[in-house]
Amino acid sequence: MKNEDPLSPERNRADDLMSAGRPAEAVPIYRNLIAEYPNEDSLLLALAWALHDSGKMVEAAACFEQLFSRELSRKPLTGFAYDELVRIYREEKDGEALVSVCERAAAAQPEDIGLVRTLGEACLAAGRADQAVRVFQKLIGLDPDGPENWCSLGEGWLAAGEPDQAETAYGKAAEIDPAAETLFFSRLADGLLRAGYPERAAAVWKRSLAERSDEPFSWMGLGDCLICLKESDAAVEAYLRAAELRPSAAGEVWNRLGNGFAKAGLHTRAAAAFANAIAAESQNRRYALRLAESFAAQGQNDLAADILRRA
């Protein structure tokens, strides 16, 4: 602000406190200024940041909400307060507040693809799968040729417990962008596995490998599904193929398999995988620590202690 502005001296003092890393001291100054100049957006924004930097997130969000309400009355939506509220509510994991903000923004500009997409993502984060599907269907209506939109719809269908619909949606994404087919199907397979459909996920990986058998991540993805399906030998074989395809990263490949077996409680299998990781990359102490943990989980404390001594 210009020096002749009547609120400049106090505003400058508050701004200086912010620059000095003393936001809590700036808060009451900004509050007093807002009481005198209630329609000054820059003051409300400054107060929001002072509260934010003081760790008072609820009060900061309240200020951003006020600014957001003002933004909604303007066309087009400027979006600064909206962006901050989305960030805050995501960080705070406040799904309902996040959905509320996104709903209001999308209602103000219903043809804005970015706002609609963020609303759908907010619905997913809040566990509102059916609403997310409806939002993503609207998104596709706005931009039917965007493969990412079909992937988002597929994610929504998975959350809603509709794997058939999800596979159709991801398949549509692959039709639109064949060059990214491997990526889309890997996302589908990962989603199916997370949603509790390991057989379907394995089938997707196998379909991808039928097209491109030289993709190590697909072999590892298949191996993860096979662990869930209790097909340990086949899982090891899949990871072996991945390690052979990426010899420079074989240690990480075997380490990932070991972690998968350990998570499944198969510590004997995990120990063998970690041993392979060490054989591929002997200087990586992390693999030795994981091997020791697997021995300890089997009650083989002497072996675990020996590994730790040599690590």
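Undergrad: So what's going on with the overall build of the chain? Residues and values would help.
TA: For the chain, the helix and strand inventory stands at 18 helices and 0 strands. Its C-alpha atoms give the chain a radius of gyration of 27 Å, more than 25% over the compact-globule value 19 Å for 311 residues. For the chain, the spread of C-alpha atoms along the principal axes amounts to about 75 × 55 × 30 Å. Looking at the chain residue by residue over its 311 residues, the buried ones come to 44%. When contacts within the chain are restricted to residue pairs at least 6 apart in sequence, those whose partners lie at least 24 apart make up 43%. Each charge class in the chain was averaged separately, 35 positive and 49 negative side chains, and the resulting centres sit 3 Å apart.

Undergrad: Before we move on, can you summarise the layout of surface pockets with the specific residues and values?
TA: Each pocket or cavity is described by its volume, and for the largest pocket that value is around 410 Å³. Asp-224, Ile-227, Cys-228, Gly-260 and Lys-263 are, among the 17 residues lining the largest pocket, the residues nearest its centre. Looking at the lining of the largest pocket, the elements that each hand over two or more residues are helix 11 (181-194), helix 13 (216-228), helix 14 (232-245) and helix 15 (250-263). Here the residues of the lining of the largest pocket are counted per class, giving 7 nonpolar, 4 polar and 6 charged.

Undergrad: So what's going on with unusual backbone geometry? Residues and values would help.
TA: The backbone of Lys-93 sits at a positive phi, close to 55 degrees, despite the residue not being glycine. Looking at the secondary structure, you find Lys-93 in the loop between helix 5 (80-91) and helix 6 (95-108). Since its relative accessible area comes to 75%, Lys-93 is described here as exposed. The backbone phi angle of Lys-230 is positive, close to 65 degrees, even though this residue is not glycine. Structurally, the position occupied by Lys-230 is in the loop between helix 13 and helix 14. Overall, the relative accessible area of 74% leaves Lys-230 in the exposed class.

Undergrad: Lay out the nonpolar core with the relevant residues and their values.
TA: Formed by 98 residues in total, the largest nonpolar core has its most connected members in Tyr-30, Phe-68, Tyr-82, Tyr-89 and Leu-153. Once you skip the residues sitting within four places of it in the chain, Tyr-89 turns out to touch Ala-61, Glu-65, Asp-94, Ala-97, Leu-98 and Val-101.

Undergrad: How would you explain the packing of aromatic side chains if you had to name every residue and give the values?
TA: Enumeration according to the criterion identifies 2 aromatic pairs in this entry. When the ring of Trp-49 is compared with that of Phe-64, the centres are 5.6 Å apart and the planes differ by 80 degrees; the resulting orientation is edge-to-face. With Trp-49 in helix 3 (residues 41-53) and Phe-64 in helix 4 (residues 57-72), this pair connects stretches of sequence that are 15 residues apart. Over the ring of Phe-185 we find Arg-207, and its NZ or CZ is 5.1 Å from the ring centre.

Undergrad: Give a detailed account of the pattern of salt bridges, specifying residues and quantitative values.
TA: Any two side chains of opposite charge can pair, given that their charged atoms come close. The final tally for this structure, using the stated rule, is 22 salt bridges. The salt bridge partner of Glu-10 is Arg-13, with a shortest N-O separation of 3.0 Å. Here Glu-10 and its partner Arg-13 are both found in helix 1 (residues 8-19), 3 residues apart, which amounts to about one turn of the helix. Given the relative accessible area of 36%, Glu-10 is considered partly exposed. For Arg-13, a relative accessible area of 42% translates into the label partly exposed. Residues Glu-91 and Arg-87 are paired through a salt bridge, measuring 3.2 Å at the closest nitrogen-oxygen approach. A residue pair is termed a helical-turn pair when its members lie 3 or 4 positions apart in one helix, as Glu-91 and Arg-87 do in helix 5 at 4 residues. Since its relative accessible area comes to 49%, Glu-91 is described here as partly exposed.

Undergrad: So what's going on with helix 16 (residues 267-280)? Which residues, and what values?
TA: With 14 residues, helix 16 extends 20 Å between its outermost C-alpha atoms, agreeing within 8% with the 20 Å of an ideal straight helix rising 1.5 Å per residue. Burial in helix 16 covers these residues: Ala-270, Ala-271, Ala-273, Phe-274 and Ala-277. Seen from one end, helix 16 has its buried residues packed into an arc of 165 degrees, which puts them on one side. Turned more than 90 degrees away from the buried face of helix 16 sit Thr-268 and Ala-279, all of them exposed. Those residues of helix 16 hidden inside the fold are in contact with helix 15 and helix 17 (285-297).

Cut-off values and rules
- Residues numbered from 1 in each chain as written.
- Predicted model: local features only at pLDDT ≥ 70, side-chain atom pairs only at ≥ 80, totals over all residues.
- Heavy atoms only, no water.
- Helix = DSSP H or I, 4+ residues; strand = E, 2+ residues; numbered from the N terminus.
- Rg over C-alpha atoms; globule rule 2.2 N^0.38 Å.
- Buried < 20%, exposed > 50% of the residue type's maximum accessible area, 1.4 Å probe, protein only.
- Contact = heavy atoms within 4.5 Å.
- Lys, Arg positive; Asp, Glu negative; His and termini not counted.
- Charge placed at Lys NZ, Arg CZ, Asp CG, Glu CD.
- 1 Å grid on protein atoms, 1.4 Å probe; cavity = no way out; pocket = protein on both sides within 12 Å on 5 of 7 lines; lining within 4 Å.
- Points joined across faces, edges and corners; volume = space filled by probe spheres on them.
- Nonpolar A, V, L, I, M, F, W, Y, C, P; charged D, E, K, R; others polar.
- Core = buried A, V, L, I, M, F, W, Y, C linked by side-chain atoms within 4.5 Å.
- Phe/Tyr/Trp six-rings, centres within 6.5 Å; stacked < 30°, edge-to-face > 60°.
- Lys NZ or Arg CZ within 6 Å of the ring centre and 35° of its normal.
- Salt bridge = Lys/Arg side-chain N within 4 Å of Asp/Glu carboxyl O.
- Expected span 1.5 Å × (residues − 1).
- Arc of directions from axis to C-beta.

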